Amino acid sequence: MSASSTVVSAAHFAYLAERTTPEEPVLAELKQAAVAAGLPPIWISPEQASLMQILLRMAKCAEVIEVGTLGGYSAISMARALPPGGRVRTIELEPERAAFAREWAERADEPRVEVLQGAGMDVLPGFAGHSADAAFLDADKSSYGAYLEESLRIVRPGGLIMVDNAFAFGQLLDEQPSDGEVGAVRAFNEVMARDDRLDGIIVPIGDGLWVAVKRD
Ligand SMILES: C[S@@+](CC[C@H](N)C(=O)[O-])C[C@H]1O[C@@H](n2cnc3c(N)ncnc32)[C@H](O)[C@@H]1O
């Protein structure tokens, strides 16, 4: 760590959260409804959504793919950063979650979200090469390596690949992690770090967000 780095604490996160573009009311309502419907509260934070929106805008993204929709929070957030006619194709394994996300995309008046119900590795191979400007991976961690390969095929050169939970639910550095997916995250982080088709960095926001650019 360089001498000028600051160790980011929960207090820093609270500070930056207070200074980030406020969350849209409809997204706060979505989260309340999701909890009431029994969905697990494992969506990205508003600050992470804000960062992703800025990145999508900077990379002039119109077509985004996502694996792991849950209730549609991240999909709707990303769609807000796209031009008219843009699209987030988002894949969700669980039919009830996919239905919830479709309903809330409609309530949010967000036609740029297209929810595809199925397993990531059943749906992704049907997407054409170079048909997306960005990918966001946020589903089963043991499939991250396979999702990355598919994303590298689907995302255009110069496009963005973002992957959630690089800090493995806060357990990345634990000697005896309790979560069964920590090993998969650790292995995936090594793959990302060494893949010479990407320039990437883990941004310490939320549970750690890989942000990578696919090399030309
Ligand atoms: C962390 S949640 C996604 C949160 C969402 N990206 C957000 O921030 O609003 C992960 C989702 O991935 C889904 N999932 C798990 N395995 C999957 C698979 N093989 N294919 C597609 N979705 C999967 C889960 O059902 C869950 O809803």
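Owing to the predicted nature of the structure, the values given are computational and were not obtained by experimental measurement.

Let's talk about the overall build of the chain
Link 1 in the chain: Counting its secondary structure elements, the chain contains eight helices and seven strands.
Link 2 in the chain: What you see for the chain is a C-alpha radius of gyration of 17 Å, in line with the 17 Å of a compact globule of 216 residues.
Link 3 in the chain: Relative to its full complement of 216 residues, the chain shows a buried share of 41%.
Link 4 in the chain: In the chain, the share of contacts with a sequence separation of at least 24, taken over all contacts with a separation of at least 6, comes to 68%.

Side note on the nonpolar core
Link 1 in the chain: Counting 58 residues, the largest nonpolar core has Val64, Ile76, Met78, Ala134, Ala135 and Met162 as the members making the most contacts within it.
Link 2 in the chain: Sequence-distant contacts of Met162, that is, excluding residues within four places in its chain, are made with Met52, Ala134, Ala135, Phe136, Leu209, Trp210 and Val211.

Digging into helix H5 (residues 95-107)
Link 1 in the chain: Across its 13 residues, H5 extends 18 Å between first and last C-alpha, which sits within 8% of the 18 Å expected from 1.5 Å per residue.
Link 2 in the chain: Every buried residue belonging to H5 is among Arg97, Ala98, Phe100, Ala101, Trp104 and Ala105, and all of these are buried. For H5, the angular spread of the buried residues around the axis is 160°, confining them to a single face. Summarising the geometry of H5, the exposed residues directed more than 90 degrees from the buried face are Pro95, Glu96 and Glu106.
Link 3 in the chain: Contact partners of the buried residues in H5: helix H2 (25-36), helix H4 (73-79), strand E2 (87-92) and strand E3 (113-117).
Link 4 in the chain: Downstream of H5 by one or two residues, Asp109 has phi in the positive range, about 55°.

Regarding helix H7 (residues 144-154)
Link 1 in the chain: Buried residues of H7: Tyr144, Tyr147, Leu148, Glu150, Ser151 and Ile154, and no others. An end-on view of H7 places all buried positions within 170° of arc, on one side of the element.
Link 2 in the chain: Of the surrounding elements, those touching the buried residues of H7 are strand E1 (63-67), helix H6 (120-123), strand E4 (132-137), strand E5 (155-164) and helix H8 (182-194).

Quick look at unusual backbone geometry
Link 1 in the chain: Phi is positive for Ala168, close to 50°, though the residue is something other than glycine.
Link 2 in the chain: On the secondary structure map, Ala168 appears in the loop between E5 and H8.

With respect to the confidence of the model for the chain
Note that predicted coordinates carrying low pLDDT should not be read in detail.
Link 1 in the chain: Per-residue confidence for the chain gives a mean pLDDT of 96; residues scoring 70 or more make up 99%.
Link 2 in the chain: Mean pLDDT across the elements of the chain bottoms out in helix H1 (residues 10-18) (92) and peaks in E1 (99).

Examining the pairing of E1
Link 1 in the chain: For E1, the buried fraction is high: five of the five residues fall into the buried class.
Link 2 in the chain: Residues Glu63, Ile65 and Val67 line one face of E1 and the alternating positions Val64 and Glu66 line the opposite face, and both faces are buried.
Link 3 in the chain: As paired elements, E1 and E2 share five bridges and run parallel to each other. By the bridge assignment, Val67 is partnered in E2 with Ile91.
Link 4 in the chain: Traced from E1 through H4 to E2, the parallel crossover comes out right-handed.

Details of the site of the ligand
Link 1 in the chain: Taken together, 19 residues form the shell around the ligand, and within it Trp43, Gly68, Tyr73, Ser74 and Ala139 come nearest.
Link 2 in the chain: Mapped onto the shell around the ligand, the elements with two or more residues apiece are H4 and E2.
Link 3 in the chain: A breakdown of the residues in the shell around the ligand according to their chemical character gives ten nonpolar, four polar and five charged.

As for the packing of H7 against H8
Link 1 in the chain: Their axes nearest at 9 Å, the elements H7 and H8 cross at an angle of 35°. Each of Tyr144, Gly145 and Leu148 in H7 lies in contact with H8, whose residues at this interface are Ala184, Phe188 and Val191.
Link 2 in the chain: Of the residues in the contact of H7 with H8, the class split is five nonpolar, one polar and no charged.

Some points on the sheet that holds E1
Link 1 in the chain: Spatially, seven strands are ordered E3-E2-E1-E4-E5-E7-E6 in an open sheet, and the strand pairing comes out mixed. In the strand order of this sheet, the two ends are held by E3 and strand E6 (198-203), each with one partner. Strand-to-strand twist across the sheet, computed as the mean angle between neighbouring axes with direction ignored, equals 15°.
Link 2 in the chain: Here E5 runs beside strand E7 (residues 209-214); their pairing, made up of five bridges, is antiparallel. By the bridge assignment, Ile161 is partnered in E7 with Ala212.
Link 3 in the chain: Relative to the sheet, H5 contacts E2 and E3, its axis offset from that of E3 by approximately 165°.

Scoring rules and cut-offs
Residues numbered from 1 in each chain as written. Predicted model: local features only at pLDDT ≥ 70, side-chain atom pairs only at ≥ 80, totals over all residues. Helix = DSSP H or I, 4+ residues; strand = E, 2+ residues; numbered from the N terminus. Rg over C-alpha atoms; globule rule 2.2 N^0.38 Å. Buried ≥ 20, exposed ≤ 12 C-beta atoms within 10 Å, placed from the backbone. Contact = placed C-beta atoms within 7 Å. Core = buried A, V, L, I, M, F, W, Y, C linked by C-beta atoms within 7 Å. Expected span 1.5 Å × (residues − 1). Arc of directions from axis to C-beta. pLDDT = per-residue confidence, 0-100. Pairing = 2+ DSSP bridges. Right-handed = clockwise from strand over helix to strand, strands pointing away. Near = placed C-beta within 6 Å. Nonpolar A, V, L, I, M, F, W, Y, C, P; charged D, E, K, R; others polar. Axes fitted to C-alpha atoms, helices over the stretch in contact; angles between N-to-C directions.

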